[in-house]
Every structure is written in C-alpha cells, then in structure tokens.
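Examination of the molecular architecture
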Amino acid sequence: MNTKLMTWLAAAWAACALSCIAAPAAVAVEYKIGFVNTERILREAAPAVRAQKKLEKEFSVREQELTKMAKQVRDLQTVLDRDGATMSETDRRNKERDLANLNRDFQRADRQFREDLNIRRNEETAGVQERAQRVIQQIADAEKIDLIVQEAVYISPRIDITDKVLKALADK
C-alpha cells in the first residue's frame with residue numbers, strides 16, 4: 001500500500017477514535033431526578049385519610065358484630081369450663097355443640113369480613129394511587145423532572161418531592 005494512504009488512514013483512524021472518546025465529555029447532559037415516598041403518600045395524603053375513614057365507617061357495624069360474636073364464644077367457653085363438670089351429660093353436650101357451631105360461624109364471618117375489607121382497601125388504595133400518579137406526572141412536567149423513583153437505598157432531601165405531592169393531593 002501507498003505510505004501516503006497509510007498515513008492518511010492512520011490519521012483518520014486516530015481522529016475517529018479521539019472523537020469517540022471526547023464526544024461524551026462534550027455532550028454533557030444534566031438530568032433532573034425526583035423521589036416520592038409512596039408509603040407516606042398512602043398514609044398521609046388527604047384522599048388516603050378520607051378512604052381510611054370511609055372504610056372504617058363502612059365496616060364498623062360488621063366489626064362490632066364480630067366483637068359481639070367473639071364475646072359470646074368466650075362466654076360460652078367460660079360457662080363450659082366452669083360448670084361443665086357439674087352439668088348433666090345432655091346439657092354439657094348441647095353446650096359443646098352450641099360452642100362448636102358458634103365458633104364455626106364466628107370463624108367464617110371473620111374470614112369473610114377480612115376478605116371483604118381487603119378487597120375494599122385494595123380498591124380504595126388503587127384510587128389513591130391513580131390520583132397520586134397523575135399529580136406526580138403534573139409535578140414532573142411542571143418542574144421538568146426527567147426521572148422520579150419510588151424506592152431507593154439513599155435519598156437526598158433536595159430531590160424528595162413527597163411534600164409537594166401531598167400538598168397537591170390536599171388541594172384536590
């Protein structure tokens with residue numbers, strides 16, 4: 001090969017390599033990052049507090065019924081423990097059967113209560129999360145934030161936008 005051509009190729013190769021190395025430094029891009037504490041949002045946001053109160057009101061009657069039923073189970077068990085030895089065989093068997101039936105009914109009602117409460121809590125939480133997501137998106141757009149994370153090992157307080165989200169949710 002021609003030495004002039006080889007020199008030119010070597011120079012071109014060096015220039016290309018140098019531009020590839022120097023390019024990232026010349027194109028420094030700044031990214032803006034934010035952090036949102038989701039647990040705090042779900043605990044402290046006005047819609048979350050309202051949802052919790054709504055659930056408490058919605059399920060308070062059933063919870064009271066369960067408490068009453070649990071007391072009946074305990075009372076019947078106490079009667080059996082205290083007086084079972086002196087009762088007639090028929091009375092004792094009847095009380096034991098009543099206790100077993102009442103306990104089974106209580107367990108079933110308690111399980112159904114917890115399932116219903118979990119379903120409603122998940123529904124309410126999903127609604128709060130949707131609203132919070134919209135608010136987070138609005139804040140990100142307004143403040144030109146490139147990335148918002150919800151979990152991290154360390155968070156600098158200067159990138160934490162949780163208070164802004166809580167304030168925006170309180171205004172709605």
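Look above for the structure.
Attention in this report is confined to the structure presented alongside it. This structure is a prediction, so every number in the text was calculated from the model and none was measured. Each chain has its residues counted from 1, running along the sequence as written. Totals for whole chains, interfaces and linings use all residues, but because this is a predicted model, local features are given only for residues with pLDDT of at least 70 and pairs of side-chain atoms are given and counted only at 80 or more. With hydrogens and water stripped out, all remaining heavy atoms of the structure feed into the side-chain values.

Here we take up the packing of helix α3 (residues 46-83) against helix α4 (residues 89-143). One way to put it is that α3 packs onto α4 with a least axis distance of 9 Å and a crossing angle of 170 degrees. Between α3 and α4, the angle falls in the class roughly antiparallel. The nonpolar class holds Ala, Val, Leu, Ile, Met, Phe, Trp, Tyr, Cys and Pro. Asp, Glu, Lys and Arg form the charged class, and all remaining residues, Gly among them, are polar. When the residues that make up the contact of α3 with α4 are grouped by side-chain class, the tally is 18 nonpolar, 4 polar and 16 charged. Axis angles are defined between N-to-C directions and span 0 to 180 degrees, where every axis is a line fitted to C-alpha atoms and, for a helix, only to the segment in contact. Going along the chain from the N terminus, every DSSP run of H or I of four or more residues is numbered as a helix, and every run of E of two or more is numbered as a strand. Here roughly perpendicular refers to angles of 65 to 115 degrees, roughly parallel to angles under 35, roughly antiparallel to angles over 145, and oblique to all remaining angles.

As a further point, take the side chain of T162. Its location among the elements puts T162 in helix α5 (residues 162-171). Buried residues are those whose accessible area, probed at 1.4 Å on protein chains only, stays under 20% of the maximum for their type, while exposed residues exceed 50% and partly exposed ones sit between those limits. Residue classification places T162 among the buried positions, given a relative accessible area of 0%. Throughout this description, a polar contact denotes any pair of N or O atoms lying within 3.5 Å of each other; where both atoms belong to protein, one of them has to be capable of donating a hydrogen while the other can accept it, and for residues adjacent in sequence the pair is counted only when both atoms sit in side chains. At 2.5 Å, the side chain of T162 and the side chain of D160 are in polar contact. For this analysis, residues touch if any pair of their heavy atoms sits within 4.5 Å. Discounting residues that sit within four places of it in the chain, T162 has contacts with F35, V36, N37, R40 and I41.

In this fold, R120 is placed in helix α4. Leave out the neighbours within four places in its chain, and R120 touches K54, L55, E58 and F59.

Looking now at α5. For α5, the full list of buried residues reads T162, V165, L166 and L169. Angular distribution of buried residues about the axis of α5 spans 100 degrees; they occupy a single face of the element. Opposite the buried face of α5, at more than 90 degrees from it, the exposed residues are K167 and D171. Elements that come into contact with the buried residues of α5 comprise β1 (33-35), α2 (38-44), α3 and α4. To obtain the arc, one takes the directions from the helix axis to the C-beta atoms.

Take the environment of L76 next. Residue position: L76 is located in helix α3. Taking relative accessible area as the criterion, L76 reaches 16% and is therefore assigned buried. It is 7.5 Å that separates the C-alpha atoms of L76 and K95, two residues lying 19 residues apart in sequence. Apart from the residues within four sequence positions on either side, L76 is in contact with K95, D98 and L99.

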